[in-house]
Amino acid sequence: GQNIDQPTEMTATEGAIVQINCTYQTSGFNGLFWYQQHAGEAPTFLSYNVLDGLEEKGRFSSFLSRSKGYSYLLLKELQMKDSASYLCAGRGSNDYKLSFGAGTTVTVRA
Amino acid sequence: DSGVTQTPKHLITATGQRVTLRCSPRSGDLSVYWYQQSLDQGLQFLIQYYNGEERAKGNILERFSAQQFPDLHSELNLSSLELGDSALYFCASSGGLAGIQETQYFGPGTRLLVL
């Protein structure tokens, strides 16, 4: 299975860094995605990891350790517009369907 | 704009009724996925179609059905609606089975309210 666990809420200050952790069961896994979702809107693709290590894309970075069943999303130089829910999702190795975590609501304060 | 379109944006109906939600994938994408998002359940995978054929099934109720047409658009049919079916329904699309990075791009969603 791919039970996905991530914290419910995080708060940070504008300009700071926040790290959102995600843990999952490693069996049947092939790829770990991060999506951003503003309230009432569609999830937007942020990053994808299939191999161990860090993937950097501008202010956002994502890390994966397959042996530990662990990933994190790092948000740097936080801006007010980064206030959103961040969804961790594992993709099944056989069926490509995504199993989403409940999401982490990040609130950025001035 | 992801390139995935969904209609209608909002739908209000009564219990016991039937509705159809429509999705057009990004140009060239062969796979379509349907998800349900309610406040207490998070984003739940319902079903996937690839090039007209059902590919994977998730927690989709028997009252719900879907299909993908030759032009690759998809419809999700919800029948005998209950109050608990009120949710956001998202469609996503991806390029197909080939390639390791099958990123799914989400449409804007249909907000269904069952009264």
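One structure accompanies this document, and this report is about it. In this text the structure is predicted, and so the values were computed from the model without any measurement. (Residues numbered from 1 in each chain as written. Chains lettered and ligands numbered in written order. Predicted model: local features only at pLDDT ≥ 70, side-chain atom pairs only at ≥ 80, totals over all residues. Heavy atoms only, no water.)

**What to know about the state of the cysteines**
All names here are of chain A.
Phase 1 of the analysis: Under the defined criterion, the tally for this structure stands at two disulfides over all chains.
Phase 2 of the analysis: Two residues, Cys22 and Cys88, share a disulfide whose sulfurs are 1.9 Å apart. Where Cys22 bonds to Cys88 through sulfur, the torsion about that S-S bond is close to -70 degrees, and the disulfide is left-handed. With a gap of 66 residues between them, Cys22 in strand β3 (residues 18-24) and Cys88 in strand β9 (residues 84-92) connect regions that are remote in the sequence.
Phase 3 of the analysis: Look at Cys88 and you get buried, because its relative accessible area is 0%. (Disulfide = S-S within 2.5 Å. Helix = DSSP H or I, 4+ residues; strand = E, 2+ residues; numbered from the N terminus. Buried < 20%, exposed > 50% of the residue type's maximum accessible area, 1.4 Å probe, protein only.)

**As for the layout of surface pockets**
Picture a little ball the size of a water molecule; that probe, rolled over the atoms, points out where space is still empty.
Phase 1 of the analysis: Empty space within the largest pocket amounts to approximately 500 Å³.
Phase 2 of the analysis: Lining the largest pocket are 22 residues, with Gln37 of chain A together with Gln37, Ser38, Leu39 and Leu88 of chain B sitting closest to its centre.
Phase 3 of the analysis: Elements supplying a minimum of two residues to the lining of the largest pocket: β9 of chain A together with β4 (31-38), β5 (42-50), β9 (87-94) and β11 (110-114) of chain B.
Phase 4 of the analysis: By residue class, the composition of the lining of the largest pocket is eight nonpolar, 13 polar and one charged. (1 Å grid on protein atoms, 1.4 Å probe; cavity = no way out; pocket = protein on both sides within 12 Å on 5 of 7 lines; lining within 4 Å. Points joined across faces, edges and corners; volume = space filled by probe spheres on them. Nonpolar A, V, L, I, M, F, W, Y, C, P; charged D, E, K, R; others polar.)

**Re the interface of chain A and chain B**
Phase 1 of the analysis: Of the residues lining the interface, 18 residues belong to chain A; the matching set on chain B comes to 24 residues.
Phase 2 of the analysis: Contact between chain A and chain B buries roughly 1600 Å² in total, counting both sides, with carbon and sulfur atoms accounting for 60%.
Phase 3 of the analysis: Three residues, Tyr96, Lys97 and Phe100 of chain A, lead the burial of chain A against chain B; their summed loss comes to 30% of the area buried on that side.
Phase 4 of the analysis: At the surface where chain A touches chain B, the tally comes to zero salt bridges.
Phase 5 of the analysis: For the interface between chain A and chain B, the tally reads two residue pairs in polar contact (both at pLDDT 80 or more).
Phase 6 of the analysis: Counting residues per element, the ones that place at least two in the side of chain A that touches chain B are β4 (29-37), β5 (44-49), β9 and β10 (98-100) of chain A. (Contact = heavy atoms within 4.5 Å. Buried area = accessible area lost by both parts, 1.4 Å probe. Salt bridge = Lys/Arg side-chain N within 4 Å of Asp/Glu carboxyl O. Polar contact = N/O pair within 3.5 Å; in protein donor to acceptor, adjacent residues only side chain to side chain.)

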